[in-house]
Amino acid sequence: MNLSNNEYKLLYLVEGESEAALIKAIKNEYIYSGRVLVFNPWTKKAGNLTRNIRGKTVCILIFDTDEYRAGKANTKLLQENLRLLEKYSEEVIVICQNETLEDELVKSCSIKKIEGFFNLKSINEHKKRFIKTNNLSVKLKEKSFDINKIWIGKNIDFLSENKSNLIKK
């Protein structure tokens, strides 16, 4: 599947506001552009999302795995959501984050801990600042963001393989 030729509409379904901020900051330069909606597949039903899927739409589902690895995630709901999205869209690209977005940022930027992204004291402070930062793409460049180091882990066992390379330019 070639996403570079504008044959498909892309719909990024991301778990939280931090992921939405990241996608908005890196689309066009690092990944192919598309619409971004916040949707947590572990806790919400995808039924209402189907009205956003029109024509040749590829859904890119990006979510954390920390709750799954801790044994607290609703895997049945996730599987139901995937079946529904697959029914309505051309393809569903599943990208599991290695634990959380913050872990992915540490891997893909020149920082040792997430607090070093903005030189803050806590992860909660980081999340608030990350979401509110207007020039996030500039900040990512300052921290040597490398698109080839983010979202490269294996998806959780019962899901299809990680195809994050399809959305990267």
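Below you will find a few notes about this structure.

Calculation rules
Residues numbered from 1 in each chain as written. Predicted model: local features only at pLDDT ≥ 70, side-chain atom pairs only at ≥ 80, totals over all residues. Heavy atoms only, no water. Buried < 20%, exposed > 50% of the residue type's maximum accessible area, 1.4 Å probe, protein only. Helix = DSSP H or I, 4+ residues; strand = E, 2+ residues; numbered from the N terminus. Pairing = 2+ DSSP bridges. Axes fitted to C-alpha atoms, helices over the stretch in contact; angles between N-to-C directions. Contact = heavy atoms within 4.5 Å. Nonpolar A, V, L, I, M, F, W, Y, C, P; charged D, E, K, R; others polar.

### Description of the pairing of strand S4 (residues 91–96)
Across the six residues of S4, six count as buried, placing the element largely inside the fold. Summarising the sheet, strand S3 (residues 57–63) and S4 pair through six bridges and their orientation is parallel. Its bridge partner lying in S4, valine 58 is registered against glutamate 91.

### Here we look at the packing of helix H1 (residues 17–26) against helix H4 (residues 101–108)
How two helices pack is summed up by the angle between their axes together with the distance between the axes. It is at 10 Å that the axes of H1 and H4 come closest, and there the two elements cross at 35 degrees. Residues Ser18, Glu19 and Leu22 of H1 form the contact with H4, whose participating residues are Leu101, Glu102 and Leu105. For the contact of H1 with H4, a count of residues per class yields three nonpolar, one polar and two charged.

### Considerations on unusual backbone geometry
Even without a glycine there, the phi angle at glutamate 99 is positive, about 70 degrees. Its location among the elements puts glutamate 99 in the loop between S4 and H4. A relative accessible area of 27% places glutamate 99 in the partly exposed class. Not every positive phi belongs to a glycine, and tryptophan 151 is a case in point at roughly 60 degrees. Along the chain, tryptophan 151 falls in the segment after helix H6 (136–142).

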